[in-house]
Amino acid sequence: MNGSVELVPSVPDAFARLVAAALAEPRPDRFSLFLSGGSTARQCYQRLAQVGSAGSGVSWDTVDIYLGDERCVPVDHPDSNHRMIAETLLDRVGPVGSDHPMYRSGSPSSAAADYQAVISPLPAFDLVHLGLGPDGHCASLFPDSHALGVVDPSILVVANQDPNAVNPHDRITLTYSGIARARLVVFTVSGASKREAFAGIVSGSDLPAARVTADRIVWLVDGDAAGDTPLPPEA
Ligand code: 6PG
């Protein structure tokens, strides 16, 4: 696996404190924050809205919000990642620098091409948040899926599906080349349902999340997910 592992009592709290600190650091320019979907992400963003609220030193009006993956459903659909991000974070922290939903309508492939045009001018992605699925996926990079084989470094976003039909909906997702543009990737892994996938990644299994590369990768893992997996030494 790539990156360092931090065993934490609360993944949402550790995530919120890490991200709020990164956002509050003095910087000359804007901050590109790529967010995830899923129930762990929901809890992380609820906590981030609290930790990163007024007085935290976070200037949300210079933070540009992007997504790492999205379901191809309308923005008001209950399964929309952007809807979850808006409800848990954007509607609570006030105006952000910019907000870039990944899917509104139309074909997945055209939506992916549109998003490629949105993010390819960025010099780097300051922070990319990734969850871990019980099958070892991250973003919408599912086992045995087409997107795993997209290695052209210029292709940052693709349409994808889960061939094993575990994860619903057509998807848009960052590719490994897209994720590799991150200055920092933060994985959040919480709950016993992730124990097998996390243990597999630590032991070298070629699960989709294990292939992620970036300048720096941090895994925030709680005890339920870590189980008795021997953790790699701090990188
Ligand atoms: C999605 C997510 C996905 C998620 C993991 C973990 O759109 O579903 O981006 O990659 O992060 O499946 O989700 P849970 O935290 O709900 O287990």
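Residues numbered from 1 in each chain as written. Predicted model: local features only at pLDDT ≥ 70, side-chain atom pairs only at ≥ 80, totals over all residues. Heavy atoms only, no water.

### Side note on the overall build of the protein chain
To be explicit about the condition: Numbering of helices and strands runs from the N terminus, with a helix taken as a DSSP run of H or I at least four residues long and a strand as a DSSP run of E at least two residues long. The size measure is the radius of gyration over C-alpha atoms, and the globule rule it meets is 2.2 Å times the number of residues to the 0.38 power. The classification of residues rests on relative accessible area computed with a 1.4 Å probe and restricted to protein chains. Under 20% of the type maximum is buried, over 50% is exposed, and intermediate values are partly exposed. Should any heavy atoms of two residues lie within 4.5 Å, those residues are considered in contact. Under the counting rule used here, the positive set is Lys and Arg, the negative set is Asp and Glu, and His together with the chain ends is not counted. Charged groups are reduced to one reference atom each: NZ for lysine, CZ for arginine, CG for aspartic acid, CD for glutamic acid.
Counting its secondary structure elements, the protein chain contains 7 helices and 10 strands. Since a compact globule built from 235 residues should have a radius of gyration of about 18 Å, the 16 Å found for the protein chain is in line with a globular shape. Principal-axis analysis of the C-alpha atoms places the extent of the protein chain at approximately 40 × 40 × 30 Å. In the protein chain, which comprises 235 residues, the share counted as buried stands at 53%. Sequence separation of at least 24 residues holds for 79% of the intrachain contacts in the protein chain that already meet a minimum separation of 6. Of the charged side chains in the protein chain, 16 are positive and 27 negative, and the gap between their average positions amounts to 4 Å.

### Concerning the nonpolar core
Stated precisely, the cut-off is as follows: Nonpolar cores are built from buried Ala, Val, Leu, Ile, Met, Phe, Trp, Tyr and Cys residues. Side-chain atoms within 4.5 Å join them into one set.
Formed by 78 residues in total, the largest nonpolar core has its most connected members in Trp60, Ile119 and Trp219. By residue number, the principal contributor to this core is helix α1 (residues 11–24), which donates 9 residues.

### Examining the site of the ligand
Note the following rule: Any residue with at least one heavy atom within 4 Å of a molecule or strand is counted as near it. Throughout this description, a polar contact denotes any pair of N or O atoms lying within 3.5 Å of each other; where both atoms belong to protein, one of them has to be capable of donating a hydrogen while the other can accept it, and for residues adjacent in sequence the pair is counted only when both atoms sit in side chains. All accessible areas in this document rest on Shrake-Rupley with a 1.4 Å probe, and a residue is counted as covered only by the protein chains that are shown. Each residue gets one label: Ala, Val, Leu, Ile, Met, Phe, Trp, Tyr, Cys and Pro are nonpolar, Asp, Glu, Lys and Arg are charged, and the others, such as Gly, are polar.
With respect to spatial proximity, 16 residues lie near the ligand, and among them Ser39, Thr40, Asp69, Ala139 and Lys194 are the closest. For the ligand, an oxygen atom lies 2.7 Å from a polar atom in the side chain of aspartate 69. The contact in question runs from an oxygen atom of the ligand to an N or O atom on the backbone of alanine 139, over 2.6 Å. Relative to its unbound accessible surface of 420 Å², the ligand loses 89% to contact with the protein. Counting only elements with at least two residues in the shell around the ligand, the list comes to α2 (39–51) and β4 (69–71). Among the residues making up the shell around the ligand, the classes are represented as 3 nonpolar, 9 polar and 4 charged.

### A few points about the sheet that holds strand β8 (residues 171–174)
Across a sheet, paired strands are connected by hydrogen bonds in the backbone, their directions being either parallel or antiparallel. Heads up, the rule is: Strands pair, by our definition, only if DSSP identifies at least two bridges between them. For helices, the fitted line uses only the C-alpha atoms of the stretch in contact; every axis is such a line through C-alpha atoms, and the angle between N-to-C directions lies from 0 to 180 degrees.
As summarised here, the arrangement of the 3 strands in space is β4-β8-β7, forming an open sheet in which the pairing is antiparallel. Looking along the sheet, the strands with just one partner apiece sit at the ends: β4 and β7 (157–160). Pairs of neighbouring strands in the sheet enclose a mean axial angle of 20°, with direction left out of account. Alignment of β7 against β8, held across 4 bridges, turns out to be antiparallel. Paired with asparagine 160 across the bridge in β8 is arginine 171.

### Re the layout of surface pockets
Put simply, the rule is: Grid points spaced at 1 Å and placed over the protein atoms alone form the basis of the search, with a cavity being a set where a 1.4 Å probe fits but cannot get out and a pocket an open set showing protein on both sides within 12 Å along at least five of seven lines. Lining residues have an atom within 4 Å of a point. Grid points are joined across faces, edges and corners, and a volume is the space filled by probe spheres set on the points.
Size it by volume and the largest pocket reaches roughly 290 Å³. In terms of lining residues, the largest pocket is bounded by 21 residues, among which Gly37, Gly38, Arg71, Gly133 and His137 are the most central. Within the residue set of the lining of the largest pocket, elements represented by two or more residues are α2 and β4. Top element by residues in the lining of the largest pocket is α2. It accounts for 3 residues. In the lining of the largest pocket, the residues fall into 6 nonpolar, 11 polar and 4 charged.

### Quick word on the pairing of strand β10 (residues 217–221)
The criterion, for reference: Orient the strands so they point away from the viewer; a crossover is then right-handed if the path from the first strand over the helix to the second runs clockwise.
Burial analysis of β10 places 5 of its 5 residues in the buried class, which makes it a mostly covered element. Here β10 shows a buried face lined by Ile217, Trp219 and Val221 and a second buried face lined by Val218 and Leu220. With 4 bridges connecting them, strand β1 (residues 4–7) and β10 associate as parallel partners. Looking at β10, one finds that glutamate 6 is bridged to leucine 220. Judged from the 5 bridges that link them, strand β9 (residues 185–189) and β10 form a sheet pairing that is parallel. When the sheet's bridge partners are listed, phenylalanine 187 is paired in β10 with tryptophan 219. Following the backbone out of β9, through helix α6 (residues 195–202) and into the adjacent parallel β10, one traces a crossover that is right-handed.

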